[in-house]
Amino acid sequence: RRAEQERQAVVTRAEGEAEAAQIITTAMEKTGNAIIEVRRIDAAKEIAAKLANARNVTYLPSGGGRQGGGAPGLLLNIDK
């Protein structure tokens, strides 16, 4: 009885994940990369908020001072 319930839960979860993947695929076909860009921006905002509230944050500049950029600087959250 218990094994059957667990098997059914796994099947239901897999079906839900497949449906979610299909919904995301359809949305991406309609909107292009907009969804991914929104998620990327949300992730960047979350990371920035965490770094802003951290006590041990160090900024390492890119160095070189070349025009045209080069590598961006780096923020490190240093915890012991």
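Worth saying up front: this structure is predicted, and the values here are computed from it rather than measured. (Residues numbered from 1 in each chain as written. Predicted model: local features only at pLDDT ≥ 70, side-chain atom pairs only at ≥ 80, totals over all residues. Heavy atoms only, no water.)

1. Digging into the overall build of the protein chain
Thought 1: Looking only at helices and strands, the protein chain features 2 helices and 2 strands.
Thought 2: When its helices and strands are written in sequence order, the protein chain yields α-α-β-β.
Thought 3: Within the protein chain, the proportion of its 80 residues that are buried is 1%. (Helix = DSSP H or I, 4+ residues; strand = E, 2+ residues; numbered from the N terminus. Buried < 20%, exposed > 50% of the residue type's maximum accessible area, 1.4 Å probe, protein only.)

2. Digging into the pattern of salt bridges
Thought 1: Within the structure shown, the criterion is met by 4 salt bridges.
Thought 2: A salt bridge links E6 to R2, with the nearest nitrogen and oxygen atoms 3.4 Å apart. Pair noted here: E6 and R2 are both in helix α1 (residues 2-31), with a separation of 4 residues, about one helical turn.
Thought 3: The class of E6 is partly exposed, set by a relative accessible area of 44%.
Thought 4: Residue E46 is joined to K50 by a salt bridge in which the shortest nitrogen-to-oxygen separation is 3.5 Å. Taken together, the residues span about one helical turn, with E46 and K50 both in helix α2 (residues 34-53) at a distance of 4 residues. (Salt bridge = Lys/Arg side-chain N within 4 Å of Asp/Glu carboxyl O.)

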